Amino acid sequence: MTFQDFLIMRHEIVLVAIAMIVLIAEIFVSEKNRKSIIPIAITLFFINVLFGFCPAHTGQLFGGMYKTGDLQILMKNVLNIGVLIIFIQAVKWLKEPDNMDKVSEYFILIISTVIGMNFMISAGDFLMFYIGLELATIPIAALAAYERYKNRSAEAGIKLILSAALSSGVLLYGISMIYGMTGSIYFDEVGAVFTASSSLHVLGLIFFFAGMAFKISLVPFHLWTADVYEGAPVSITMFLSVISKGAAVFVLFIILTTVFKAVMPMWQDLVVVISILTMTIGNLFAIRQQNLKRFLAFSSIAQAGFILLGILDGTSLGMTSVIYFVLIYIFSNLAAFGVVTIVAQMSGKENINDYNGMYHTNPKLSLTMMLAFFSLAGIPPVAGFFGKFFLFTAAAHQGYYMLVLIAVLNATISLYYYLIVVKAMFINKNETPIAYFKSDFSTKLGLLICVIGIFVIGFASPVYEYINQICLTLP
Amino acid sequence: MEFTGTQLMFIIFSAIIVIFSILTVTSRRILRAAIYLLFVLISTAGIYFMLNYQFLAAVQLGLYAGGIIVLIIFSILLTSHISQKFEKVEWKKSVFSAIAVIAGIIVTLTAVLNYQFEANNAITQEVDMNLIGTKLLSYDRGGYVLPFEVISILLLASMIGAIVIAKKGKKV
């Protein structure tokens, strides 16, 4: 192995370097200047995002344990963009006096989670996949308990770590069955011999899928989601609902279409059932929520059900639609969460009723929120519509017309509850609406990026073409 | 039905593992649960010895039985009162979890027992320490240097995570 070979891993190496620089900066920066860590970390991460788009070597390392191609790089870039927006939106929250003394830990932990996700996406065997998964989970549980002085945050942390441990146990049990039957942990070797010849094969696949379903919070493995999303700091909730979910979906897609390619009809049945359950239950529970964070938690469960439609089609069409949808979902969900965050910080209000009449006092925020919800619901002019449209196309491509019908019905239901919030902001009368406030620069910037993203990805076809071109190289 | 010595040893070890695992999760005193777990881990090491995995057995004894149990007991002593007993679980909950556990056991057992595992004819011999060391740091196929290094990042992140949780905030 030469130095040139190591450059194949540059996404991970750059992230490790950034984490180390922040760690060292923490030592040298004095107590008073803690704030300066924030711009340092964000600038470094911004450079990392740009660097990610530079042309790169592809190939595999360590005897196939680490693989990277254009597809993997694209996935990492999509996640990087999301993390950058989360960092920008978190600045105001990080500057609160209670959180100031743990700023660098926040950045280091988030970056190490991203390192884990990158290794997970590039994994060529179950061992690297598992270590990446753990690296993507354990730090985030510590971050969920970041606001330690709040009971809810501590509760979120413990719930997340317990459910993550349980799901990892189930996943490992499935992997151990697969290893016992095939005698290998390398994806290519397992994929070559894995068939649906016995019930143990089926069980191994189901356990593996159940473990991943916990991470993506699919029904019936979703019970931890609402409590954790509500209790954790919003910045971490954003990360969980967008980045963690996106990374897990990518990896699930890669493994289902490479390792379990031979048993595709089997996991397709599984995905259909789980998808219907997830969409319907996520939607029905979202209608009942009053707290906006819980509301967004259930809406994100429902969105995960839609993403499964893209996974059903194990070809490049499905891959394109999944990546495209996740990209749009990042911008839309982060915009919605961004508004909820700033309103909660300025007025302490999180319920839907509190938003009554907000348009008259804070028109810009209301418009942003409306755009985000239109995009999540999939109303034509904005990006979300195209995202859902391609997902439905992918599922229809495999002949799942009934499923697409159910998905469309669910999309209509979701439109109802998104519009309830929009109606509250624009039409409902309120004697004491949320007072006018000025947002700080970083929040504005974060929301602006999201709004631009929602419009540009929807209207500019080059984005879709770019993703599609890379996915067409899929074997 | 006659048992060979190895089979008898296996039955004893697995019986200890099963019984003490159940005791670990049902015990209402947390310190006792930790000690029951110790027995489970030691018996697992016994099974490794039976399979001639000396290295793994030593690691199991040294790290898990020795290190981790001590850590668990330390954290129990630091955070809770030893005399404290957990509340009794409602009978409804225990009935449902018992049904779930038994159903799970039936499903996995039927699947595992129905599978025709290929008999392994390789002669069991002690794994060379040299080989383990080389494999652990090899970057070829079958080498483990990458996971080895990534785990160090995982451990660093976990330590920092522990600091985040333990660091004293201004409000308590």
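None of these values were measured; they are calculated from a predicted model.

Engineer: Looking at this model, I keep getting lost on the overall build of chain B. Mind explaining?
Structural biologist: The secondary structure content of chain B amounts to six helices and zero strands. The C-alpha atoms of chain B give a radius of gyration of 21 Å, which is well past the 16 Å a tight globule of 172 residues would have. In terms of overall dimensions, chain B has C-alpha extents of about 60 × 45 × 25 Å along its principal axes. Looking at chain B alone, contacts between residues at least 24 apart form 51% of all its contacts between residues at least 6 apart.

Engineer: Teacher, can you tell me more about the overall build of chain A here?
Structural biologist: Along its length, chain A carries 20 helices and two strands. Relative to the globule expectation of 23 Å for 475 residues, the C-alpha radius of gyration of chain A, 21 Å, shows essentially globular dimensions. If you line up chain A on its principal axes, its C-alpha atoms span 65 × 60 × 45 Å. Classification of the 475 residues of chain A by burial places 57% in the buried group. Pairs at least 24 residues apart make up 80% of the contacts formed inside chain A by residues separated by at least 6 positions.

Engineer: Whenever I open this one, the interface of chain A and chain B confuses me. Can you help?
Structural biologist: Interface size is commonly expressed as the accessible surface area that is lost when the partners come together. The interface is formed by 35 residues belonging to chain A together with 30 residues belonging to chain B. Considering only residue class, the side of chain A that touches chain B consists of 24 nonpolar, five polar and six charged.

Engineer: Sorry, what's going on with the confidence of the model for chain B here?
Structural biologist: Atom-level detail of predicted coordinates should not be read off regions where pLDDT is low. Per-residue confidence for chain B averages 85 on the pLDDT scale, and 93% of its residues sit at or above 70. Quick note on the complex model: pTM equals 0.91, ipTM equals 0.87.

Engineer: How do you make sense of the packing of helix H5 (residues 103–121) of chain A against helix H6 (residues 126–144) of chain A when you look at a structure like this?
Structural biologist: Residues and elements named next belong to chain A. Relative orientation of the contacting elements H5 and H6 amounts to 160°, with a least axis distance of 7 Å. Compared by their axis directions, H5 and H6 come out roughly antiparallel. Here H5 runs over H6; the crossing is left-handed. Along its contact with H5, which presents Tyr-106, Leu-109, Ser-112, Thr-113, Ile-115, Gly-116, Met-117, Phe-119 and Met-120, the element H6 presents Met-128, Phe-129, Ile-131, Gly-132, Leu-133, Leu-135, Ala-136, Pro-139, Ile-140, Ala-142 and Leu-143. Here the residues of the contact of H5 with H6 sort into 16 nonpolar, four polar and no charged.

Engineer: Mind showing me how you'd approach the domain arrangement of chain B here?
Structural biologist: Here chain B is described as being made up of domain 1 (1–85), domain 2 (86–116) and domain 3 (127–172). Once you take the C-alpha centre of each, domain 1 of chain B and domain 2 of chain B turn out to be 21 Å apart.

Engineer: What should I look at first to understand the environment of A:Phe285 in this one?
Structural biologist: Residue and element names in this part refer to chain A. Tracing the sequence through the fold places Phe-285 in helix H12 (residues 264–288). With 21 C-beta atoms counted inside 10 Å, the residue Phe-285 sits in the buried group. Along the backbone, Phe-285 and Gly-384 are 99 residues apart, and their C-alpha atoms lie at a distance of 21 Å.

Engineer: How do you make sense of the nonpolar core when you look at a structure like this?
Structural biologist: Nonpolar side chains in soluble globular proteins generally cluster together in the buried interior. Residues and elements named next belong to chain A. Judged by nonpolar contacts, the single largest core of 188 residues is most densely connected at Ala-144, Ile-323 and Ala-335. For this core, the element with the highest residue contribution is helix H14 (residues 316–347), accounting for 20 residues. Sequence-distant contacts of Ile-323, defined by excluding residues within four places in its chain, comprise Leu-74, Met-75, Val-78, Ile-467 and Cys-471.

Engineer: Quick question: what am I supposed to make of the packing of H14(A) against helix H19 (residues 441–459) of chain A here?
Structural biologist: Each packed pair of helices is defined by two parameters, the angle between the axes and the distance between the axes. All names here are of chain A. Closest axis-to-axis distance for the H14/H19 pair is 9 Å, and the angle between their directions is 145°. With respect to the hand of their crossing, H14 and H19 are arranged in left-handed fashion. In contact with Leu-327, Ile-328, Phe-331, Ser-332, Leu-334, Ala-335, Gly-338 and Ile-342 of H14, H19 contributes Thr-443, Gly-446, Leu-447, Cys-450, Val-451, Gly-453, Ile-454 and Ile-457. Residues that form the contact of H14 with H19 fall into these classes: eleven nonpolar, five polar and no charged.

Engineer: What exactly am I supposed to notice about helix H4 (residues 70–94) of chain A here?
Structural biologist: Given 3.6 residues per turn, any residue in an α-helix points the same way as the ones three and four places further on. Helix length check: H4(A) (25 residues) gives 35 Å between terminal C-alpha atoms against 36 Å at 1.5 Å per residue, within 8%. The largest bend along H4(A) reaches roughly 30° and is located at A:Ile88.

Engineer: So what exactly am I meant to see when it comes to helix H3 (residues 37–52) of chain A here?
Structural biologist: Residues and elements named next belong to chain A. Over its 16 residues, H3 runs 22 Å from end to end, which matches the ideal 22 Å to within 8%, given 1.5 Å per residue. Within H3, the full set of buried residues consists of Ile-38, Ala-41, Phe-45, Asn-48 and Gly-52. Angularly, the buried residues of H3 cover 95° about the axis, an arc narrow enough to put them on a single face. For H3, the exposed residues lying more than 90 degrees away from the buried face are Pro-39, Thr-43, Ile-47 and Leu-50. The secondary structure elements touched by the buried residues of H3 are helix H2 (10–28), H4 and H5.

Engineer: What should I look at first to understand unusual backbone geometry in this one?
Structural biologist: Residue and element names in this part refer to chain A. A cis amide bond, omega 5°, links Val-219 with the succeeding residue Pro-220. With respect to the element layout, Pro-220 can be found in the loop between helix H9 (199–216) and helix H10 (223–231). One non-glycine residue, Phe-62, lies in positive phi territory at about 55°. Mapping Phe-62 onto the fold places it in the loop between strand E1 (59–61) and strand E2 (66–68).

Engineer: Would you mind showing me how to read the confidence of the model for chain A here?
Structural biologist: Residues of chain A with pLDDT of at least 70 account for 99%, and the chain-wide mean is 87. Per-residue pLDDT, averaged within each element of chain A, yields its smallest value for helix H1 (residues 3–6) of chain A (78) and its largest for H5(A) (92).

Engineer: Just checking my understanding: could you explain the environment of B:Ala45 for this structure?
Structural biologist: All names here are of chain B. Here Ala-45 is to be found in helix H2 (residues 30–50). The sequence separation of Ala-45 and Gly-142 amounts to 97 residues, and the corresponding C-alpha distance is 24 Å. Apart from the residues within four sequence positions on either side, Ala-45 is in contact with Ala-57, Gln-60, Leu-61 and Ala-65.

About the cut-offs
- Residues numbered from 1 in each chain as written.
- Chains lettered and ligands numbered in written order.
- Predicted model: local features only at pLDDT ≥ 70, side-chain atom pairs only at ≥ 80, totals over all residues.
- Helix = DSSP H or I, 4+ residues; strand = E, 2+ residues; numbered from the N terminus.
- Rg over C-alpha atoms; globule rule 2.2 N^0.38 Å.
- Contact = placed C-beta atoms within 7 Å.
- Buried ≥ 20, exposed ≤ 12 C-beta atoms within 10 Å, placed from the backbone.
- Nonpolar A, V, L, I, M, F, W, Y, C, P; charged D, E, K, R; others polar.
- pLDDT = per-residue confidence, 0-100.
- Axes fitted to C-alpha atoms, helices over the stretch in contact; angles between N-to-C directions.
- Parallel < 35°, antiparallel > 145°, perpendicular 65-115°, else oblique.
- Left-handed = near helix turned anticlockwise from the far one by under 90°.
- Domains from an automatic or database assignment.
- Core = buried A, V, L, I, M, F, W, Y, C linked by C-beta atoms within 7 Å.
- Expected span 1.5 Å × (residues − 1).
- Bend = angle between axes of the 7 residues up to and from the residue.
- Arc of directions from axis to C-beta.

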